[in-house]
Amino acid sequence: MKITQPDNAHIFRSLHTAPVPLALANAWDVASARVIEAAGAPAIATTSAGVAWSLGSPDGDSISRDRALELVGRIVTAVAVPVTADIEGGYGTDATSVAKTVTGVLDVGAVGVNIEDGTRPPTELAMRLAAARQAADRAGAHLFLNARIDTFLFGLGDPDTRLKETLARAHMYVDAGADGIFVPGVTDTATITALARNIPVPLNVMAGPGAPTVAELGTLGVARVSLGSGVAQAAYAAARRTAQELFGTGDYDSLAEGMAFPELNALFSEPH
């Protein structure tokens, strides 16, 4: 029986629990999504940076809405688990444009989006979130709207009041329709605990080397853990390492770490 978008939306929402956080190894193309799914992922999230790099562009709202949506649609078709899309600032210059992007995301079958504030005024992201929620409501879709706050990631504002500012933004974004709050750039347990305690919706953090484990983050109240562009960066580092060996020492030892051809090819040999 085919799983429908509403079914996947319900499943995805139910995965956001603090005791056992939803762990997301972010994908950037169909192959990475299939590999991540085969490893046991209950859902797939895209990384906007990885998607942009794979399409020959830098990260930062540089690719078109159509190219981004085409990629999301390909991933949705290729996997059986729910898919949530990182749409950066919304691939548009205003709230109306963001609503159009969200409608497109729903049309290709995804169940969630990330929208970030970056260096924009918080009120602007609030308007974009409200437009995204209205677009989902008009479509009758149960979209999981994840609002990313970049105060810690970009080091915005006074460090002494950064937590207070982050919480103020979080409450503004929840009032605008956000279902979850994503605060990348935070790894210390005291700040994470304060965020989880004071944000009324599921908290998402970004993890990497040196961060608490997924289980430890769950005990702090985190409901979702993302790797962001980290998996794509690791993959491209492997490509660079192999190339440097080939053009330097002339050997191929690092290829031994690759996935076996039959295993990788089998992911695409039969309809999913």
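Residues numbered from 1 in each chain as written. Predicted model: local features only at pLDDT ≥ 70, side-chain atom pairs only at ≥ 80, totals over all residues. Heavy atoms only, no water.

Engineer: Would you mind going over helix H5 (residues 95-107) with me for this structure?
Structural biologist: It helps to recall that an α-helix has 3.6 residues per turn; residues three or four apart then point in one direction. Taking 1.5 Å of rise per residue, the 13 residues of H5 would be expected to cover 18 Å, and the 18 Å separating its terminal C-alpha atoms lies within 8% of that figure. In the core, the buried residues of H5 are packed alongside helix H1 (5-14), helix H4 (65-78), strand S3 (83-86), strand S4 (112-116) and helix H6 (122-139). (Helix = DSSP H or I, 4+ residues; strand = E, 2+ residues; numbered from the N terminus. Expected span 1.5 Å × (residues − 1). Contact = heavy atoms within 4.5 Å.)

Engineer: How do you make sense of the pairing of S4 when you look at a structure like this?
Structural biologist: Remark: a regular strand shows side chains that alternate across the two faces of the sheet. Summarising burial for S4: five of the five residues are buried, a large majority. Burial of S4 is two-sided: the residues Gly 112, Asn 114 and Glu 116 facing one way and the residues Val 113 and Ile 115 facing the other way are all buried. Sheet topology note: the S3/S4 ladder contains three bridges and is parallel. Across the sheet, Ala 85 pairs through a bridge with Val 113, a residue of S4. For the handedness criterion, the β-α-β arrangement of S3, H5 and S4 is classed as right-handed. (Buried < 20%, exposed > 50% of the residue type's maximum accessible area, 1.4 Å probe, protein only. Pairing = 2+ DSSP bridges. Right-handed = clockwise from strand over helix to strand, strands pointing away.)

Engineer: When you look at the nonpolar core in this model, what are you seeing that I'm missing?
Structural biologist: Across soluble globular proteins, you tend to see nonpolar side chains buried next to one another. With 64 residues, the main nonpolar core has Ile 44, Ile 115, Tyr 173, Ile 181 and Leu 203 as its most contacted residues. Residue contributions to this core peak at seven residues, all from H6. Non-local contacts of Ile 115, meaning those with residues more than four positions away in its chain, are made with Ile 87, Glu 88, Gly 89, Gly 90, Val 98, Leu 125, Leu 129, Ala 132, Leu 145, Asn 146, Ala 147 and Arg 148. Counting eight residues, the second-largest nonpolar core is a separate cluster that includes Leu 22, Ala 43, Ala 45 and Phe 144. (Core = buried A, V, L, I, M, F, W, Y, C linked by side-chain atoms within 4.5 Å.)

Engineer: I keep staring at the pattern of salt bridges and nothing clicks. Help me out?
Structural biologist: Pairs can form between side chains of opposite charge once their charged atoms are near each other. Tallying each qualifying case throughout the model produces 11 salt bridges. Among the salt bridges present, the one from Arg 120 reaches Glu 124, with a minimum N-O distance of 3.9 Å. According to the relative accessible area criterion, Glu 124 is partly exposed, its value standing at 25%. Between Glu 165 and Arg 169 there is a salt bridge; the shortest N-O distance is 2.7 Å. (Salt bridge = Lys/Arg side-chain N within 4 Å of Asp/Glu carboxyl O.)

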